[in-house]
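# Observations on the model geometry
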Amino acid sequence: MVGDDGHPVYNPEAQAARDGLIETLCAMPPIMSALDALLEHFGHDNVSEVTGRTKRLITASDGRQKLESRSARTSQAEAAAFMAGKKRILVFSDAGGTGRSYHASLDAANQEQRVHLLLEPGWRADRAIQGLGRTHRTHQATTPLFRPVTTDCKGELRFTSTIARRLDSLGALTRGQRQTGGQGLFDPADNLESEYACAALLSWFDLLAAGKLASITLDDFQHRTGLELVDKDGVLKDEMPPIQRWLNRILALPIALQNSIFEEFLALIETRVSAAREAGRLDVGVETILVDKATLIDDIVLRTDPGTGATSHLLTIEIARRRTPVSLERILRIAESDASACFMVNAKSGKPALRTRARALMEEKEGTPIPRVELMRPTRNEYMREDDLFESSWAAVERDAFCDAWSHEVEAAREKVDSETVRLATGLLLPIWSALPSDHLAVNRIVDGEGRSWLGRLVFDDHVPQLFTKLGIDRSEALPASAVAKAVASGRSIDLSHPFPSTVKRSIVNGSPRIELVGCPADRLPWLKSIGCFTEIIQYRTRLFIPVGQVEAILERLLADPSQLAA
């Protein structure tokens, strides 16, 4: 307010409130850095600091602080104390990590699993990888557990995203696979500059212009960020701001507004990533399948390059792996730390699950959020929409009933060994890439307990006949019906090339095992039904089954008399 004389008029109450606020702020203790806070909380006698700084303030036993001088030899002694197990906490930086190893070495006294909290990783991906490598090396008793640390400010995801993207890029440049850099540390939804994020941002702009977002309006967003999204006619421009500029402008908004905008944006990303994952199109680099035992059953040469002699193979591998269920103690700790956690048991199967709130999806046309929950099971996690959960057999139970069901399933899972037969296309894959199935593009590496590994693309049973047909491979050798029936009953899948390319395998339908014939031509169904097979339409697909008690008889007739089908 300005008076008649042109001088400003001050409010004494507002001035007093301002002075009191300044006085209170100045009386508050200074905010410590993360390093000093860790040392004060755990005590400098329990923390090994290898950071390279030459002086630090420590708190004595009488509560007084004193200045401590440190040298290079002090850092060596601190690192040795951690490796010897005298100090169970280690804090190191770029300066303190050069030339040292902190992994659970078999030669060190401290062989406990390293839980590596990635705090302030910096902007250089090579430095981040170097730091992570200090606790993950060969000749170690156990592999480390990496945990990136962020706050509840969603804008901080901007920095985590940059690290994720640069780690992935560095891996692609070094060995030709992105997992080399990120090592699976980040989820595809964490990269806010991926193709899924860019597509989600365009959907966010459309919803913003249509007024369907609850976080902010179009005019308010343009005013706060300085981004011009519409032309003079009020229509969205063809050239929208790039995602990097949008992320940087979001950081200038208040924290609460940042969080609400990011919740909507991340929901759109999660919707696209989930759809790609379900369709088998999610590109996550090389996925490693760790198994206890792998047995090579069959090796078929698919193609031999005429110029180099390099070969392409289809391997049939029988794998066996034990389940590693989540312990009851760990799931209870998770339940105590999550306010949305709820103990659940399926009324039909009696299986337990811990229900927690998951990141919501978003309907891209109307901008309506789709709430989801995560069901944490002893051996896997499942995501389910809240509406579907209410219509399912999951029901909330007391803690004691949940603990009993969880302990029972954990004991049963530890005793069980899962066995399955997989097919892997390996070798020179580029010339036969178009013949491989197009609905599953992931590249997998199978590693067994003995250290043997196979790298290639998984080929499912129903794709094998089509693969042989496209490559012109004749697999018409006669197979005894008894041998086929016995192999299928044990869980293996058998490929047949006559009387038509097909696969006989064991399937589970409505919880019951069945013998299925995959790849049958539609015009041969009447003859197949006449020899004893039966059909059933499941999810709008006609599937052909062989009665369990007549498998050998029907297969014997099918393999011995293909001429009737040709007729």
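Summary of the structure given here. This structure is a prediction, so every number in the text was calculated from the model and none was measured.

### A short note on the sheet that holds strand S21 (residues 534–538)
On the basis of which strands lie adjacent, the open sheet formed by 5 strands has the order S18-S19-S20-S22-S21 and antiparallel pairing. Edge positions in the sheet fall to strand S18 (494–496) and S21, since each has one partner strand and no second. Averaged over all neighbouring strand pairs, the angle between strand axes comes to 45 degrees, with direction disregarded. Examined bridge by bridge, strand S20 (residues 512–518) and strand S22 (residues 541–546) share 3 bridges and lie antiparallel to one another.

### Examining the pattern of salt bridges
Inspection of the entire model under this criterion finds 21 salt bridges. Measuring nitrogen to oxygen at the nearest pair gives 3.0 Å for the salt bridge that ties Glu382 to Arg377. A relative accessible area of 22% places Glu382 in the partly exposed class. Residue classification places Arg377 among the buried positions, given a relative accessible area of 7%. Here Glu450 makes a salt bridge to Arg452, at a shortest N to O gap of 3.7 Å. A residue is classified by how much of its surface remains accessible, and Glu450, at 65% relative accessible area, is exposed. The partly exposed category is assigned to Arg452, whose relative accessible area is 38%.

### Here's the deal with the pairing of strand S1 (residues 47–50)
Residues in a regular strand project their side chains so that they alternate between the two faces of the sheet. The alternating pattern of S1 places Val47 and Glu49 on one face and Ser48 and Val50 on the opposite face, and all of these are buried. Pairing of S1 with strand S4 (residues 89–92) involves 4 bridges; the strand directions are parallel. Across the sheet, the residue bridging to Glu49 is Val91, located in S4.

### Some words on the sheet that holds strand S12 (residues 369–376)
Pairing within the open sheet is antiparallel, and its 5 strands lie in the order S13-S12-S11-S10-S14. Of all the strands in the sheet, just strand S13 (381–385) and strand S14 (394–396) have a single pairing partner and so form its edges. Along the sheet, successive strands turn relative to each other by an average axial angle of 40 degrees, direction set aside. Bridging between S12 and S13 involves 5 bridges; their strand directions are antiparallel. Bridge pairing in S13 places Leu375 opposite Glu382. Contacts from helix H12 (residues 328–337) reach strand S10 (342–346), strand S11 (352–362) and S12, with the element oriented near 50 degrees to S11.

The rules behind these values
Residues numbered from 1 in each chain as written. Predicted model: local features only at pLDDT ≥ 70, side-chain atom pairs only at ≥ 80, totals over all residues. Heavy atoms only, no water. Pairing = 2+ DSSP bridges. Helix = DSSP H or I, 4+ residues; strand = E, 2+ residues; numbered from the N terminus. Axes fitted to C-alpha atoms, helices over the stretch in contact; angles between N-to-C directions. Salt bridge = Lys/Arg side-chain N within 4 Å of Asp/Glu carboxyl O. Buried < 20%, exposed > 50% of the residue type's maximum accessible area, 1.4 Å probe, protein only. Contact = heavy atoms within 4.5 Å.

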